[in-house]
Amino acid sequence: GDSVTQMEGPVTLSEEAFLTINCTYTATGYPSLFWYVQYPGEGLQLLLKATKADDKGSNKGFEATYRKETTSFHLEKGSVQVSDSAVYFCALSAHAGGTSYGKLTFGQGTILTVHP
Amino acid sequence: NAGVTQTPKFRILKIGQSMTLQCTQDMNHNYMYWYRQDPGMGLKLIYYSVGAGITDKGEVPNGYNVSRSTTEDFPLRLELAAPSQTSVYFCASSHWSSSTDTQYFGPGTRLTVL
């Protein structure tokens, strides 16, 4: 079945450091890929997404590129802020002839803490 | 526009008790989902609905039931609570069933079964 694997956390960085959170996936066909973020005490919200190979999703300084050849969707940000401290989830939604109903398969989440 | 709302925020149950987690969305979305999030794990799909009156099982449906009598509401029922159901529960909705569509999540219900 479909699966998503994220790098082990937690990740602790100083403000203005470069961030990479690795994400690889296994899926049949060509899934859509997402990064969701969960701030403390809140539900998940979409950070960015990419729906086909070589697409780059971006938002709030974060970027991720859909790499079909390496089945990866790594999240990057050039300069993190304290306000980026959150849990980050990589997820996929499979294209399956219209029967996927948008169901998401999530990675285990990566806790990011940014210190001033 | 409140988005997706969930009640209660927190609940402690004793083994064998029952309860209903409420979920309401005001975005007129057709598709709704229930996930559970265990510590250090990603979210797992419990049940989903593609419209009023239509529901189906997700990855981890055992011990839960759902109903969808209106577009807005999608309650999750626990009939005989077990410690294994201690988790954080998230409801989500989306407009379309497309794999490219964004899901909108509620703030979650933290449930502890003792």
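Structure: above.
Quick look at the interface of chain A and chain B
Tallying the contact residues gives 22 residues for chain A and 22 residues for chain B. A combined buried area of about 1700 Å² lies between chain A and chain B, and 57% of that area is made up of carbon and sulfur atoms. Counting the contacts that link chain A with chain B gives zero salt bridges. Across the contact surface, chain A and chain B share three residue pairs in polar contact (both at pLDDT 80 or more). Where the side of chain A that touches chain B is concerned, the elements lending two or more residues are β5 (32-38), β6 (44-50), β10 (86-93) and β11 (104-106) of chain A. Of the residues contributing to the side of chain A that touches chain B, the split by class is nine nonpolar, 10 polar and three charged.

Some points on the packing of aromatic side chains
For the structure on display, the rule yields 11 aromatic pairs over all chains. Between F106 of chain A and Y35 of chain B, the aromatic rings sit 5.6 Å apart at their centres with planes inclined by 90 degrees, giving edge-to-face as the arrangement. Of this pair, F106 of chain A sits in strand β11 while Y35 of chain B sits in strand β4 (residues 31-37), which puts the two residues in different chains. For the pair shown, F106 of chain A and Y35 of chain B are each scored as buried. These aromatic residues form a ring-pair network of at least three members: F34, Y36, F89 and F106 of chain A together with Y33, Y35 and F105 of chain B.

Analysis parameters
- Numbering of residues starts from 1 in each chain and follows the order in which that chain's sequence is written.
- Written order decides the labels, with chains lettered from A and ligands numbered from 1.
- Only residues with pLDDT of at least 70 are given local features in this predicted model, and only at 80 or more are side-chain atom pairs given and counted; all residues enter the totals for whole chains, interfaces and linings.
- To get the side-chain values, take all heavy atoms of the structure and skip hydrogens and water.
- In what follows, a contact means two residues having at least one pair of non-hydrogen atoms within 4.5 Å.
- Reported buried area values correspond to the accessible surface (1.4 Å probe) lost by two parts on association, with both partners' losses combined.
- In the sections that follow, a salt bridge refers to a side-chain nitrogen of Lys or Arg positioned within 4 Å of a carboxyl oxygen of Asp or Glu.
- We call two N or O atoms a polar contact when they sit within 3.5 Å, provided that within protein one can donate a hydrogen and the other can accept it, with sequence-adjacent residues counted only if both atoms are side-chain atoms.
- The secondary structure listing takes helices from DSSP runs of H or I that are at least 4 residues long and strands from runs of E that are at least 2 residues long, numbered from the N terminus.
- In the scheme used here, Gly and all other residues not listed as nonpolar or charged are polar, with Ala, Val, Leu, Ile, Met, Phe, Trp, Tyr, Cys and Pro taken as nonpolar and Asp, Glu, Lys and Arg as charged.
- Only Phe, Tyr and Trp rings are paired, with Trp represented by its six-membered ring, and only when their centres lie within 6.5 Å; those with planes under 30 degrees apart are stacked, over 60 edge-to-face, the remainder tilted.
- Here the term buried applies to any residue with accessible area under 20% of the maximum for its type, exposed to any over 50%, and partly exposed to those in between, with areas from a 1.4 Å probe on protein chains only.

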